[in-house]
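Commentary on secondary and tertiary structure
Here's the letter readout for the chains.
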Amino acid sequence: MAWRHLENREHASNDERRRAMMALIEAGTPVGIVAHAEGNTVGWCSVAPRETYRKLSQAQDDSEAGVWSIVCFYVPRASRGLGLASALLDAAIDHAFAKGARTIEAYPVDQASPSYRFMGFREMFVARGSHEIGMAGSRRHVMRLER
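Residues numbered from 1 in each chain as written. Predicted model: local features only at pLDDT ≥ 70, side-chain atom pairs only at ≥ 80, totals over all residues. Heavy atoms only, no water.

Quick look at the environment of Gln-111
Assignment of secondary structure puts Gln-111 in the loop between strand E4 (103-106) and helix H3 (122-126). C-alpha separation for the pair Gln-111 and Arg-80, spaced 31 residues apart in sequence, amounts to 14 Å. Setting aside chain neighbours within four positions, we find Gln-111 in contact with Arg-117, Phe-121 and Glu-123. (Helix = DSSP H or I, 4+ residues; strand = E, 2+ residues; numbered from the N terminus. Contact = heavy atoms within 4.5 Å.)

Written out as structure tokens, the structure reads:
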């Protein structure tokens with residue numbers, strides 16, 4: 001729920017965040033994809049139409065249609081470095097375009113960034129053909145992929 005609309009964001013409990021996410025899912029709002037291995041959920045990527053998130057960049061043009069955003073990855077520490085984030089990114093890209101995205105926007109950081117690492121690393125997006133269109137704050141690159 002970090003980038004979703006949530007009243008009282010700074011003081012919301014984990015339980016309140018969980019209920020808010022479930023409400024989105026029950027309403028049919030796209031929220032993301034999960035990775036499964038051997039019957040277990042092993043990762044997550046938040047990918048959805050950009051308008052389902054709060055403002056992600058100061059330069060964001062809300063009049064654009066068909067923009068989906070990738071804003072968050074979760075890979076358990078024990079599974080990091082095994083390519084799961086890259087597999088999630090590939091699946092998120094395929095999912096967004098299959099659902100009608102014209103543009104995919106993401107906000108990754110450089111590998112050495114001390115924060116926002118959950119948004120993915122710039123190099124992953126470049127390797128898939130994304131190009132940088134600016135910055136969102138001092139660390140997050142705004143990357144775009146069109147098909």
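Description of the pattern of salt bridges
Per the stated rule, a full pass over the model turns up nine salt bridges. For Arg-50, the salt bridge is made with Glu-64, and the minimal N-O distance between the two is 3.2 Å. Taken together, the residues span a long stretch of sequence, with Arg-50 in the loop between strand E2 (40-49) and strand E3 (67-74) and Glu-64 in the loop between E2 and E3 at a distance of 14 residues. Of the charged contacts in the structure, one is a salt bridge between Lys-55 and Asp-62, with a shortest N-O distance of 3.9 Å. On the basis of relative accessible area, Lys-55 is assigned to the partly exposed category, the value being 39%. Taking relative accessible area as the criterion, Asp-62 reaches 55% and is therefore assigned exposed. A network of salt bridges, in which partner residues are shared, links Arg-50, Glu-64, Glu-105 and Arg-144. (Salt bridge = Lys/Arg side-chain N within 4 Å of Asp/Glu carboxyl O. Buried < 20%, exposed > 50% of the residue type's maximum accessible area, 1.4 Å probe, protein only.)

Everything listed is a geometric property; what it means functionally is a separate question.
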